[in-house]
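Chains, contacts and geometry: an overview
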Amino acid sequence: MASGQGEGDDAAPLAPAGEPLRPVADVEELELDLLLEGVYRRYGFDFRDYARPSLRRRISNQVRAENLPTISALLARVLHDTDAMERLLLMLSVNVTAMFRDPTFFRAVREQVVPLLRTYPYVRIWHAGCSTGEEVYSMAILLEEEGLYDRCRIYATDMNEAVVRRAQAGIYPIEVMQEYTANYLRSGARGQFSDYYTARYDHAIFKQSLRRNVVFSHHNLVTDGSFNEFQLIVCRNVMIYFNERLQARVHELFFASLSRFGLLALGRKESLVGTPHQHDYEELDATERIFRRRPGE
């Protein structure tokens, strides 16, 4: 017969004798662990190896946005409400981007990468973490102006299906076009930026012809594998949000996906130092973080 606590028994202690309760910060860290585990097991999105400071800040913002008292309450909501999960995914996805963002990077692509891509009869480019697509269209415009686009295929992927749909639509607020035009001009422009879109109802709609060689698709760098061989992989300002273990995993994926002499472009705050293949590349442009896979590797 199982024994139970009788009506007159003393209440069980909340913590072992002589040990204080855990501070609130530790409890919140536990809640965060449970939330990430729950999201992974329920939906398959794995944020467990994302850098904690940024992750903690974004989840705290979402708790407030959902008007909830705790992270545990957020966990309960997203487990039972797919719309709440979609809102959380949008918060956790990093969607800061712009057309010709970091113009000097695109100038480096024109001057240093394009001549190498010309040596291939057909070019496959993977834009990993494409967000809402601004940099994908920037690359398409650049390749069009360099006379290379017709023998290129760009695979634009992101873990967030909602932003992939927005990227595929190619519609952006008209008020940002002035900024995007300035970026375009600084990137080594060879045309008129306004030729690539139509202004309508306070939005800029980019021409269908720019999408003719782009494949937009869902792909999760954390859990999905290689799906083709590429001459160029662009993944800028994505891995700064990953911890070292996840960065290593993604670099293994990219290395396995690059052709011999293939090119890898990272963000300015990202590096190959400490990754599994840091010695398997040579620097093509140290400032713009463009690397070339070494021959024979």
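1. Concerning the packing of helix H5 (residues 103-117) against helix H6 (residues 134-145)
Running from N to C, H5 and H6 point in directions that differ by 45°, and their axes come no closer than 11 Å. Put simply, H5 runs oblique to H6. Read as a crossing pair, H5 and H6 show a hand that is right-handed. The segment H5 lies against H6, with Phe106, Val109, Arg110 and Val114 engaging Glu135, Ser138, Met139, Leu142 and Glu145. Its residues assigned to classes, the contact of H5 with H6 comprises five nonpolar, one polar and three charged.

2. Topic: helix H8 (residues 177-186)
Each full turn of the α-helix corresponds to 3.6 residues, which orients residues three or four apart in the same direction. For H8, every residue scored as buried is listed here: Met177, Tyr180, Asn183 and Tyr184. For H8, the buried positions fall inside an angular range of 120° around the axis, keeping them on one side. Residues of H8 that are exposed and point over 90 degrees away from its buried face: Gln178 and Leu185. On the buried face of H8, the contacting elements are H5, H6, strand S3 (171-173), strand S4 (197-200) and strand S5 (203-206). Gly188 sits one or two residues past H8 and shows a positive phi near 95°.

3. Thoughts on the sheet that holds strand S9 (residues 281-285)
Within a sheet, each strand pairs with its neighbour through backbone hydrogen bonds, oriented either parallel or antiparallel. If you walk across this open sheet you meet the seven strands as S6-S2-S1-S7-S8-S10-S9, and the pairing is mixed. Bordering the open sheet on either side are strand S6 (214-218) and S9, each of which pairs with just one other strand. Averaged over all pairs of adjacent strands, the angle between strand axes in this sheet comes to 20°, irrespective of strand direction. Contacts from H6 reach strand S1 (123-128), strand S2 (152-158), S6 and strand S7 (230-235), with the element oriented near 170° to S2. Packing of helix H9 (residues 244-257) onto the sheet brings it into contact with S1, S7, strand S8 (258-266), S9 and strand S10 (290-293), and relative to S8 it is tilted by some 140°.

4. Some thoughts on the nonpolar core
Within the largest apolar cluster, 45 residues are counted, with the highest numbers of intra-cluster contacts made by Ile141, Leu143, Ile154, Phe193 and Phe206. Among all residues touching Phe206, those that are not within four sequence positions of it are Met99, Tyr137, Ile141, Gly170, Tyr172, Met177, Phe193, Tyr196, Tyr197 and Arg211.

5. Comments concerning the pairing of S5
Only one face of S5 is covered, namely the face carrying Ala204 and Phe206; the face carrying His203 and Ile205 is uncovered. Both S3 and S5 contribute to a ladder of three bridges, which runs antiparallel. Its bridge partner being in S5, Tyr172 is matched across the sheet by Ala204. Judged from the four bridges that link them, S4 and S5 form a sheet pairing that is antiparallel. Within the sheet, the bridge partner assigned to Ala199 lies in S5 and is Ala204. Linking S4 to S5, which pair antiparallel, is a turn of two residues; within it Tyr201 sits at a positive phi near 50°.

6. Digging into the pattern of salt bridges
According to the stated counting rule, one finds 18 salt bridges in the structure shown. A salt bridge links Asp102 to Arg236; its shortest N-O distance comes to 2.6 Å. With Asp102 in the loop between helix H4 (82-92) and H5 and Arg236 in the loop between S7 and H9, this residue pair connects regions lying 134 residues apart in the sequence. The exposure class of Asp102 is partly exposed, given its relative accessible area of 27%. Between Arg110 and Glu145 there is a salt bridge whose closest N-O contact spans 2.8 Å. Residue Arg110 is found in helix H5, and its partner Glu145 is found in helix H6; the two are separated by 35 residues along the sequence. Each member of the pair Arg110 and Glu145 is classed as buried. Each of Arg110, Arg118, Glu145, Glu146 and Arg190 takes part in a single network of salt bridges with overlapping partners.

Calculation rules
Residues numbered from 1 in each chain as written. Predicted model: local features only at pLDDT ≥ 70, side-chain atom pairs only at ≥ 80, totals over all residues. Heavy atoms only, no water. Axes fitted to C-alpha atoms, helices over the stretch in contact; angles between N-to-C directions. Helix = DSSP H or I, 4+ residues; strand = E, 2+ residues; numbered from the N terminus. Parallel < 35°, antiparallel > 145°, perpendicular 65-115°, else oblique. Left-handed = near helix turned anticlockwise from the far one by under 90°. Contact = heavy atoms within 4.5 Å. Nonpolar A, V, L, I, M, F, W, Y, C, P; charged D, E, K, R; others polar. Buried < 20%, exposed > 50% of the residue type's maximum accessible area, 1.4 Å probe, protein only. Arc of directions from axis to C-beta. Pairing = 2+ DSSP bridges. Core = buried A, V, L, I, M, F, W, Y, C linked by side-chain atoms within 4.5 Å. Salt bridge = Lys/Arg side-chain N within 4 Å of Asp/Glu carboxyl O.

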